[in-house]
Amino acid sequence: MGETGGHAVYWSEDRTALAASIGSGLGGLTSEQAAARLAVIGPNSVEDTAQLNALRLLIRQFESPLALILVFAAAISLALRQWIDAGIILAIVMGSALLSFFQEYRASTAVEALKKRLALTCRVVRDGAEREITVDVIVPGDIILLSAGNLIPADGVVIEAADFLVTEASMTGESFPVEKRPGTVPADAPITARTNCVFLGASVRSGTAKVLAIRTGRRTEFGAIAARLRARRPETDFPGGVRRFGYLLIRVMVVIVIFVLTMNLLLGRPVIESLLFAAALAVGLSPELLPAIISVTLSAGARAMSKRGVIVRRLDAIENLGSMDILCTDKTGTLTEGSIILNEALDAEGRGSDEVRRLAFVNAAFETGIENPLDAAIVAAGTSVGLNTEGLSKVDEIPYDFIRRRLTIVVGEGVAPTERLLVTKGAFSNVLDICSSLERDGVEVPLDDRARADLEAVFRAKGAEGFRVLAVATRRAAIKADYDRDDERDMTFRGFLVFLDPPKPEARTTIADLGRLGIAIKVISGDNRYVTAHMAQAVGLNSTSMLTGAQIAGLHDEALWHLAPKTDLFVEIDPQQKERIVRALQSTGHSVGYLGDGINDAPALHAADVGISVEEAVDVARESADIILFSRDLDVLRMGVEDGRRTFANTLKYISITTSANFGNMVSMALAAPLLPFLPLAAKQILLNNFLSDIPSIAISGDNVDPERVLRPQRWDVAEIQRFMIVFGLISSVFDLLTFGVLLSVLQADQGVFQTSWFMISLLTELAVVLVLRTRKPAFRSRPSRLLLGSTLAVAAAGFAVPFLGSSSALFGFVPLSATELVAVVAIVAGYIAATEAAKAWYFR
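Quick caveat, the model's predicted, so the values are computed rather than measured.

Conventions we followed
- Residues numbered from 1 in each chain as written.
- Predicted model: local features only at pLDDT ≥ 70, side-chain atom pairs only at ≥ 80, totals over all residues.
- Heavy atoms only, no water.
- Helix = DSSP H or I, 4+ residues; strand = E, 2+ residues; numbered from the N terminus.
- Buried < 20%, exposed > 50% of the residue type's maximum accessible area, 1.4 Å probe, protein only.
- Contact = heavy atoms within 4.5 Å.
- Areas by Shrake-Rupley, 256 points an atom, 1.4 Å probe, with all protein chains shown as cover.
- Pairing = 2+ DSSP bridges.
- Axes fitted to C-alpha atoms, helices over the stretch in contact; angles between N-to-C directions.
- Salt bridge = Lys/Arg side-chain N within 4 Å of Asp/Glu carboxyl O.
- Patch = residues over 30% accessible without salt bridge, like charges linked within 9 Å, V, L, I, M, F, W, Y side chains within 5 Å.
- Parallel < 35°, antiparallel > 145°, perpendicular 65-115°, else oblique.
- Left-handed = near helix turned anticlockwise from the far one by under 90°.
- Phe/Tyr/Trp six-rings, centres within 6.5 Å; stacked < 30°, edge-to-face > 60°.
- Lys NZ or Arg CZ within 6 Å of the ring centre and 35° of its normal.
- Expected span 1.5 Å × (residues − 1).
- Nonpolar A, V, L, I, M, F, W, Y, C, P; charged D, E, K, R; others polar.
- Core = buried A, V, L, I, M, F, W, Y, C linked by side-chain atoms within 4.5 Å.

Undergrad: Could you clarify how one ought to interpret the overall build of the protein chain in this entry?
TA: A tally of helices and strands in the protein chain yields 30 helices and 23 strands. Residue burial in the protein chain is summarised as follows: out of 845 residues, 55% are buried. Long-range contacts, defined here as pairs at least 24 residues apart, represent 73% of the contacts in the protein chain between residues at least 6 apart. Total accessible area on the protein chain stands at roughly 35000 Å², and carbon and sulfur atoms take up 58% of it.

Right, dumping it as structure tokens:
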């Protein structure tokens, strides 16, 4: 019974009987059982799990309105028995679709491969042994092993737990962690009262647990909510801008096409010919490759970034990475080495103390919550001098949380202890708050104001030297069944733990490099002001530009908006304040990146314009991020930012150049169609022109980008693109009208010569404008990529050859041109290039 269909109220059932009833047990499933259930139930995902399918992607190329317009035009030609015209139209439709399909399929497979590198995994018991598997293959009946930082991968019941705290804000809205324990609860218990259950999408805050999976994928509570809401991630600036601009172009296109069609009909031209011309015009004037170009450009950027150790989880985050002008980060492992060592253990007098070292070792060795480098440093230092926990037994743990900022271990000493020893370790001020005495020369004395001042002086002095300082306290307590936060009181302050985490030698250089890219660094740290200021000074940040958590708590949002952009260091910060700082920076118009890897970083990662995490981060942080770094190194991130800006620059090249060329052609067609005695271009000629000019556009995704384009954050600016479109589109229209005048008045061109000449001029100017407008510098001073230059020259050569291909040319209505006509074509194209270069210099000046 793998689907748990008969267990609607599984939280009220005995866990052993429940496991047996679904064909499992405390030893988990066998591999064969799990595979059989996966085949029946499907992957553990609330999303649509359809795999990348080449046929479906190919069919999608024909679903666009533009492709359907062409198919309609081909159908009209077939109905009129115009077999050649119908064949040409269908061939061009197929050619464009295959071009777009090939590029999108290659892009999609590359992105899928990158995503697989980041697939979430979890530990389960299968075949009686612990093993790590990807989350999507979990099935009901699996025994899942959870620890701090894990995302919970399925709905299930808790079988075993040790100090197991879970954050269920995504399910219940409750921001504080709740403790989960084995047992049963009433069948009518609401989700908030099911203290023996965990749910997909929640995260483990501390402790460990063994869970029996009951429901997976869309059968989970979270899956049911997702199915009802079908909530989509909010559209970000970049795809929204692309979509709005595409709609603008289509609206303008529709107006002009209707105008041209109406004028042709009023002038008495054949209805079918006019209809085909209008359909081809609609396609020829539309940026139909825009989705494919964007997909190709972003995926090419993602592949390039992955080679540098930067993995993109969401493609449109590349634009956000490129537009980032503030990066918020903790200091540990980013600006510092991250290899923390316990430098010394001091008593309350500031003298070296083996006893304080031993107490810290007991606390760290028995701790089962969040893995952290401080505990690892304490255990390593203790082990090196022969410390162990022999003769001690762990009784209970009061887990660390980000409000108390301390952790307490309750231990029993000896064979039959009559009392318990509570050992607390944590942030200095938070430990001092629960102390009423201190140990001085082996004697407990009251903790008066003078003693507090002396302790704070030691703490401040060590922080100013660049050390990170924690405190240790103890208390003897009576034996009882359970211990909680209320037992952390009347403790005796025992001493200090002094840690060293030196700044990275390259941190100063990297921060300066990011500054040259227009990115300001803001350090958001829970550490005290003294050690953070010392680190800031060492790496080149302003150590006096500081706000503390207490100061932020007393500020209204408007005041924080004013102060946050001017502040380099946010110190002694509570986790809840991280998201508030990010939003304050965003409120003043900044594009904010947030680099974090801890449980408490998830809200800020969600809020940031681009969330950045590292490969070894806890699950909840990694899943909240848009960008994953394989190395916690700001220089890797700097290279990622540069790659992101290159990718965005190439995307904007296509959008700007295509829209300006399209706009110019719209105006030219609108003016020419009613004035000429024949159509300026036949429908099949427009489609061939469009197809040929699209080929080099694909190469824009890998084009070289001028170094100065990478130096400043880039943002999507529809108004700027509109100005670009109008200026350079109208220049194109002026030369089109000049072409009409030369062809009709000077060369006395008939329909065949006119259409052939204008086809060549239109194609060559579209190719030339890509090379001219791809850079803000003179075109000869900026080298395009080999692929872009090569494909442009190849298509230009094909354009010159088109009129001279005999019967093939005749199929499209082309005629050979005389030497005089060819010279005129070249002269007009050269004049257009010169005028566009001059206009570009004026425009960007």
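What follows continues from the structure just given.
Undergrad: Which parts of the structure should I look at to understand the sheet that holds strand S18 (residues 520-524)?
TA: Whenever strands of a sheet pair, they do so through backbone hydrogen bonds, lying parallel or antiparallel. Reading across the sheet, the eight strands line up as S8-S23-S22-S21-S9-S18-S20-S19 and stay open at both edges, with mixed pairing between neighbours. At either end of the open sheet lies a strand with only one pairing partner, and these are strand S8 (310-312) and strand S19 (546-548). When strand polarity is set aside, the average angle formed by the axes of neighbouring strands in this sheet is 20 degrees. As defined by bridge partners, S19 adjoins strand S20 (residues 569-571) across three bridges and the pair is classed as parallel. Looking at S20, one finds that Leu 547 is bridged to Phe 570.

Undergrad: What is the right way to read the pattern of salt bridges from this model?
TA: When charged atoms on two side chains of opposite charge get close, those side chains can pair. In total, this model carries 39 salt bridges according to the counting rule given. Between Arg 123 and Glu 130 there is a salt bridge, with the nearest N and O atoms lying 3.1 Å from each other. Its relative accessible area of 28% is what places Arg 123 among the partly exposed residues. A salt bridge links Asp 643 to Arg 308; the shortest N-O distance between them is 2.8 Å.

Undergrad: What exactly am I supposed to notice about a nonpolar patch on the surface here?
TA: Together, Leu 78, Trp 83 and Leu 90 make up an exposed nonpolar region whose accessible area comes to about 300 Å². The residue Trp 83 is located in helix H5 (residues 83-117) in this model. For Trp 83, a relative accessible area of 52% puts it in the exposed group.

Undergrad: Even after reading the chapter, I still don't get the side chain of Ser 543, so can you show me in this structure?
TA: Of note, Ser 543 is situated in the loop between helix H17 (529-539) and S19. Here Ser 543 falls in the buried class, since its relative accessible area comes to 19%. Excluding residues that lie within four positions of it along the chain, Ser 543 makes contacts with Ala 533, Ala 536, Gln 537 and Leu 569.

Undergrad: Looking at this model, I keep getting lost on the packing of helix H16 (residues 507-516) against helix H23 (residues 634-675). Mind explaining?
TA: To describe two helices that pack against each other, one gives the angle between their axes and the distance between the axes. Relative to each other, H16 and H23 sit at 20 degrees, their axes nearing to 9 Å. Regarding the angle of H16 to H23, the classification is roughly parallel. For the pair H16 and H23, the sense of crossing is left-handed. On H23, the residues touching Thr 510, Asp 513 and Leu 514 of H16 are Leu 634, Asp 635 and Arg 638.

Undergrad: Looking at this model, I keep getting lost on the packing of aromatic side chains. Mind explaining?
TA: Given two aromatic rings, one states the distance between the centres and the angle between the planes to describe the pair. Taken as a whole and assessed by the stated rule, the structure comprises 17 aromatic pairs. Relative to Tyr 843, the ring of Phe 724 has its centre 5.8 Å away and its plane inclined at 90 degrees; by these criteria the two rings are edge-to-face. Of this pair, Phe 724 sits in helix H26 (residues 718-746) while Tyr 843 sits in helix H30 (residues 819-844), placing them 119 residues apart in sequence. With a relative accessible area of 6%, Phe 724 lands in the buried category. Here Tyr 843 falls in the buried class, since its relative accessible area comes to 17%. Grouped by ring-pair contacts, the aromatic residues Phe 428, Phe 459, Phe 493, Phe 496 and Tyr 530 constitute a single cluster. In this structure, Arg 194 is placed above the aromatic ring of Trp 11, and the distance from its NZ or CZ to the ring centre is 3.6 Å.

Undergrad: Which parts of the structure should I look at to understand the pairing of strand S2 (residues 129-134)?
TA: Walk down a regular strand and you will see the side chains alternate between the two sheet faces. Sheet topology note: the strand S1 (residues 121-126)/S2 ladder contains six bridges and is antiparallel. Looking at S2, one finds that Val 124 is bridged to Arg 131. Between S1 and S2, which pair antiparallel one after the other, the connecting turn spans two residues, and Asp 127 there sits at a positive phi close to 55 degrees.

Undergrad: How should H26 be read in this particular structure?
TA: The periodicity of an α-helix, 3.6 residues per turn, causes residues three or four positions apart to be oriented the same way. With 29 residues, H26 ought to run about 42 Å at 1.5 Å a step, and its terminal C-alpha atoms sit 41 Å apart, in line with that. Directly beyond the C-terminal end of H26, a positive phi value near 50 degrees is found at Gln 748.

Undergrad: How should I be thinking about the packing of H23 against H26 in this particular structure?
TA: Taken N-terminus to C-terminus, the directions of H23 and H26 make an angle of 40 degrees; their axes are 7 Å apart at the nearest point. As far as their axial angle goes, H26 and H23 are oblique. Seen along the crossing, H23 lies across H26 with a hand that is right-handed. When its residues are assigned to classes, the contact of H23 with H26 shows 15 nonpolar, nine polar and one charged.

Undergrad: How should the nonpolar core be read in this particular structure?
TA: Across soluble globular proteins, nonpolar side chains show a tendency to be buried alongside one another. Core analysis: the largest hydrophobic core is formed by 59 residues, its most contacted members being Leu 321, Leu 327, Leu 541, Ile 612, Ile 627 and Leu 629. Considering each element in turn, this core owes the most residues, five residues, to H23. If we skip the residues at most four places from it in the chain, Ile 627 touches Val 310, Ile 311, Val 312, Ala 317, Leu 321, Val 610, Gly 611, Ile 612 and Ser 613. The next biggest cluster of nonpolar side chains, apart from the first, holds 52 residues, and it includes Leu 743, Val 769, Val 795 and Phe 812.

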